[in-house]
Amino acid sequence: MEGIYLTIVLCPLAASIVAGLFGRQIGRAGAHSITIAAVAVSFLLSAYVLKAIAVDGAATYNAAVYRWAAVGALTMEVGFLVDHLTALMMTVVTFVSLCVHVYTIGYMHDDDGYQRFFSYISLFTFAMLMLVMSNNFLQLFFGWEAVGVVSYLLIGFWYKRDTAIFANMKAFLVNRVGDFGFLLGIAALLMYTGSLDYVQVFGHAERLSGESIEIVSGMQWSALTVACICLFVGAMGKSAQMPLHVWLPDSMEGPTPISALIHAATMVTAGIFMVARMSPLFEHSVTALSVVIVIGATTAFLTGLLGLVQNDIKRVVAYSTLSQLGYMTVALGASAYAAGIFHLATHAFFKALLFLAAGSVIIALHHEQDMRNMGGLRKYMPITYWTSLIGSLALIGFPGFSGFFSKDILIEAVHASTTPGAHFAYWCVLIGVFVTALYSFRMFFLVFHGEERIDPHVKSHLHESPWVVTVPLIALAIPSIVIGWLTVGPVLFGGFFDEAIFVLEEHDVVGELGAEFHGSLAFVTHAFVASPALYLAAAGVLVAWFLYMYRPGLPGQISEKIDVIHRLLVNKYYFDWFNENVLARGTRCLGGGLSRFGDQMVIDGGIVNGSARVVALLSIVVRNLQSGYLYHYAFAMIIGLAALIGWLVVEL
Amino acid sequence: MSALFADHLLSWMIAMPFLGMVALAPVRDRVWVLSGTLAITLINVALALYLWSGFDPANDGLQFVERIEWMPTFGIDYAVGVDGVSLLLVLLTAFLPPLCVLGSWDSITSRLKAFMMLILLVQGAMMVVFTALDAFLFFMLWEVTMIPMYFMIVLWGGPGRIAAGLKFVLYSLTGSLLLLVGILGLSLQAGTFDIQSLADHAYSQSSQFWIFLALFLGFAIKLPMLPFHTWLPDAHSEAPTAGSVLLAGVLLKMGGYGFIRFCLPIFPEMAHTFAPYVLWLSVIGILYGGYMALAQSDLKRLVAYSSVSHMGFVTLGIFSFNNEGVEGAILQMVTHGLTTGAMFLIVGQLYDRTHSREIADYGGLQQRMPRFVAILSLFAVASFGLPATSNFIGEFLILVGVSYENFVFVVLAMGGIVLGAAYMLWMLQRVAFGQPRTEAASKLTDLSVREVLTVTPLAVAVIAVGVYPGPLLEAMDASVTYVVERLATVP
């Protein structure tokens, strides 16, 4: 199996290097052929691995394949841990990546950086696979940083745009703040356990929960809680949880295919995956779980609201992604890791679909992204229309669609959870369902229905996108509908994650729900009777229809009425304002201040020149003997040397 | 013949640059001067690789030792040898000068031969510093390194070269003076200049503190540690490209090497006494250097302050007194030599085109200079320790090492890593991306083949060490263990 795993990882890397270094020689067709072929191989092998593990019951693979370095008791290795969780992630990542690769042929058709783009997305696939397949913290961190770098490169892909290069720097720096916590967490675990290997570290979890450390005097924390919260700070950066969420909306400056691949389906879910992978640690710290659930719930609710006031089609989807990541985080905090991962998987399909559909609209309208200049596109772009509808329905949790199962179970799990803060989280995610439906269908109606507000020049040759764009849409639409129905039973309630995810018995809310689960059909019919979420979603769609189809003038009037709230939302709760004016400016001022005050005044001005002045004073006495700037120093040194040697001779 | 060669390998490596200086003397043609110097430095690279291949990593003592009586009356010998610590620095000293020659190919227009001789002189002197087993020999050549560097700055430097050169000399002299006092203090008590015997002598309690302090300050000024660093930005920014590369690449490392060679093994107790203060100064230096780098508008000053921050990591690692920390620190010294050397080379290539170091004069270089931007980006991300580049391994090991001492230092040092990303990426954004901000920046030509070749070896080394640091760590492991165990015997 080791050969298979290495092939899965190294194929995209090799393709990326070829496309990147020899892009000019192999040409456009060469670049996309080789990268698509490589990712296709990775996908097929991943699917094979998933089948081997899930169906044929192959044993978990956990071994090192390469020794990076060894110092003292510390070994740094590259190794793979492949179990149910990993196999699922590998398949999702490579499948979405494959769709995006194909789609890119159409989307980047006219771009000068065509080969470079393919090289980057293949490199990303490699990095993401390294991240999910790792069996140790160091490689996890390697993948974690590498996906961050590729994301940086891709957000700033159109490097001539000032907004793009601002956005990519912002993304990287905000993530660095997250990494700060993440690496601290790793270092803390290493310090307490002496190992970087997952399995060995997990073995110490219970002991660590008993060891307490004092960070602020008088406050005793368990070492495990501190480590878990540090790790979670990393997840907050990568998975864009408040207050480190600010980079994700701006990352929409990058080309749409990567918004789908990186900023919706894969990289941003790395934090969720990481926490699920670390379940043996988080389970032993209720405090950490509580932090997770509260942060997740806040993100899920507040960022959803922001989606209501955006006019840029990609930004609506971006805020929707933030909100859904919040949902997944809530699931983790409720110890329903399996539900979180299940939502991650279904979300990867339908959110990638929504992004790619948005991209299809954007290229059809010649890079128009403002929804106020769209409308009535249904008749021009039927495939995009229907696939968007499928994606939106999956997102809001329409009964039977994939998002319905994952979200409904997630909400029920939170309802049953005993984690402190779960009650608050329950209300957040429940009201969030209404908000989700409202912004999703606001977007849907504004883009595809109603009055045609399109530029007449563009309208004259408006048509459906080419097959390389629509085929991936269809390929993603199918799992968006059926994947939940088909897999909810076996994956969530069939013990699929038993080996990969550890849940304490008293926290096992998914297990409790499983006891009441009697097949997908029964689950859907039961929801009509028992699920408030279903009716909230319906209400959201209805309100969207009322506001944007039936009485289109009303939203404007409402926003005038609640001006204060509207302004708060338009300014995104002033997070960006605070970061730019307080944090960024403060840091730069501190640097400038230190430069002027520290180096120039205190050290050079005070100490160095001050000592020169003392020497100068001294030299007044000996002025007749010495003159000239350099000699003052030399003279002082000779005196000093003589004095010191004299002292040594006397002393010894 | 072969015995003459094999038994005196280190002496050959030391002699090669000096022989080269002599050989250059009659040469008049510009191209011959350049290619001659390049050839001599490349021979030393080959010798260094041969040295490495013959080095036994399992041996924790000194290897390739040569000893000749020099001034028997004073007990001064010409004695050289390498252990795992010095080997890597010798490699670095051999590796950088050919790149300096390539980097000066077109940019040095006046008195070229003299400049090449100075490069060779620095290399020869540095070779001795890193291999000397005799404290007097060490000190003498330590002093010699200062002179060529001073002339490089004041004769070939930028507009502020006179002041920068003076500042460099004054600081260096102060440091040397303290070092001299320290070394004299040692030998007067121990009655020898042999570094190993110095370590075995028991010094009187009252003098230990003062000798340690003198040595420590001498090395700290050279490294430089906060608050003795203000000579560095001036010297770095005014020096010609090759000068900056040698300064950052190898000269600073004398400070770190001195700590490991003198301060730690000779005075383990004192090292423990001083350690808390040094660690605090280190983390303050890391953060301070980072903030300062953020505030710079001059490219070379930015890189110089990033050096201050990186050197903070070096002392942080050394004074955590464990294998992880010390090996991380040595690796950090080597990789800092690679990345910062490369940074100065590539910034120098930009300077050659426009004669401006101001960040504000550039912008949008990606459009006209994609190769340049690709290389600059690689070293920028390496500089803030991205995994799979050599700097990551060094910094990570240092963080691990210091975490055994006190976790607070890890937290603070990590802050420096975040700042590192901030100043490097912000620089990259302003220089490479967006639209050109000046007429000149929009008309630049991309790097020539020679210019790419100048930095390619460094790029390869940065990634190779990042992916496969094993051989370097193995080479130093036994020697570092020896030092660490010595330190651990202190009650």
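For the structure, check the block above.
Let me begin by describing the structure that accompanies this report. Model, not experiment: these values are computed from the prediction.

## A word on the overall build of chain A
Right, on to step 1. Looking only at helices and strands, one finds 28 helices and four strands in chain A.
Right, on to step 2. Relative to the 2.2 N^0.38 estimate, which gives 26 Å for 652 residues, the radius of gyration of chain A is 29 Å and therefore close to what a compact globule would have.
Right, on to step 3. Buried residues in chain A amount to 59% of all 652 residues.
Right, on to step 4. Counting contacts in chain A only where the partners sit at least 6 residues apart, residues at least 24 apart contribute 79% of the total.
Right, on to step 5. Counting only carbon and sulfur atoms, one obtains 66% of the accessible surface of chain A, whose full area is about 24500 Å².
Right, on to step 6. Distance between charge centres in chain A, computed from 31 positive and 40 negative side chains, equals 13 Å.

## Some words on the side chain of Gln-349 of chain B
Right, on to step 1. Within the secondary structure layout, Gln-349 of chain B lies in helix H15 (residues 323-354).
Right, on to step 2. Setting aside residues no more than four positions away along its own chain, Gln-349 of chain B makes contact with Leu-447, Glu-451 and Thr-454 of chain B.

## Let's talk about helix H9 (residues 223-238) of chain A
Right, on to step 1. For H9 of chain A, built from 16 residues, the straight-helix expectation of 22 Å at 1.5 Å per residue is met to within 8% by its first-to-last C-alpha distance of 23 Å.
Right, on to step 2. In terms of burial, H9 of chain A is a largely internal element, 14 of the 16 residues being buried.

## Quick look at unusual backbone geometry
Right, on to step 1. With an omega of -15°, the peptide bond running from Leu-223 of chain B to Pro-224 of chain B counts as cis.
Right, on to step 2. In this structure, Pro-224 of chain B sits in the loop between helix H9 (205-222) and helix H10 (231-238).
Right, on to step 3. The omega angle of the peptide bond from Leu-226 of chain B to Pro-227 of chain B is 0°, so this bond is cis rather than trans.
Right, on to step 4. Inspection of the secondary structure puts Pro-227 of chain B in the loop between H9 and H10.
Right, on to step 5. Although it is not a glycine, His-367 of chain A sits at a positive phi angle of roughly 65°.
Right, on to step 6. By secondary structure assignment, the location of His-367 of chain A is in the loop between helix H16 (337-364) and helix H17 (382-396).
Right, on to step 7. At Phe-321 of chain B, a residue that is not glycine, the phi angle is positive and equals roughly 55°.
Right, on to step 8. Mapped onto the elements of the fold, Phe-321 of chain B is located in the loop between helix H14 (299-318) and H15.

## Examining a nonpolar patch on the surface
All names here are of chain A.
Right, on to step 1. A cluster of nonpolar residues, Ile-383, Ile-474, Ile-478, Val-482, Trp-485, Leu-486 and Leu-521, forms a patch on the protein surface that exposes about 620 Å² of accessible area.
Right, on to step 2. With five residues, the single largest contributor to the nonpolar patch is helix H21 (residues 467-493).
Right, on to step 3. Positionally, Trp-485 belongs in helix H21.
Right, on to step 4. Its relative accessible area of 35% is what places Trp-485 among the partly exposed residues.

## A word on the nonpolar core
The tendency in soluble globular proteins is for nonpolar side chains to be buried as a group.
Residue and element names in this part refer to chain A.
Right, on to step 1. Ranked by size, the top nonpolar core spans 427 residues in total, and within it Leu-281 and Phe-282 carry the most contacts.
Right, on to step 2. A total of 20 residues in this core trace back to one element, the largest contributor, which is H16.
Right, on to step 3. With near-sequence residues (within four places) excluded, Phe-282 lies in contact with Cys-228, Leu-231, Phe-232, Val-275, Ala-288, Leu-289, Val-292 and Tyr-337.

## Some thoughts on the pattern of salt bridges
Here the idea is simple: oppositely charged side chains can pair when their charged atoms come close.
Right, on to step 1. Taken as a whole and judged by the stated rule, the model has 21 salt bridges over all chains.
Right, on to step 2. Between Glu-439 of chain B and Lys-443 of chain B there is a salt bridge, and its shortest N-O distance comes to 2.8 Å. The two residues Glu-439 of chain B and Lys-443 of chain B agree in class, both being exposed.
Right, on to step 3. One continuous salt-bridge network, built from bridges that share partners, spans Arg-161, Lys-170, Asp-250, Glu-253 and Arg-315 of chain A.

Calculation criteria
Residues numbered from 1 in each chain as written. Chains lettered and ligands numbered in written order. Predicted model: local features only at pLDDT ≥ 70, side-chain atom pairs only at ≥ 80, totals over all residues. Heavy atoms only, no water. Helix = DSSP H or I, 4+ residues; strand = E, 2+ residues; numbered from the N terminus. Rg over C-alpha atoms; globule rule 2.2 N^0.38 Å. Buried < 20%, exposed > 50% of the residue type's maximum accessible area, 1.4 Å probe, protein only. Contact = heavy atoms within 4.5 Å. Areas by Shrake-Rupley, 256 points an atom, 1.4 Å probe, with all protein chains shown as cover. Lys, Arg positive; Asp, Glu negative; His and termini not counted. Charge placed at Lys NZ, Arg CZ, Asp CG, Glu CD. Expected span 1.5 Å × (residues − 1). Patch = residues over 30% accessible without salt bridge, like charges linked within 9 Å, V, L, I, M, F, W, Y side chains within 5 Å. Salt bridge = Lys/Arg side-chain N within 4 Å of Asp/Glu carboxyl O. Core = buried A, V, L, I, M, F, W, Y, C linked by side-chain atoms within 4.5 Å.

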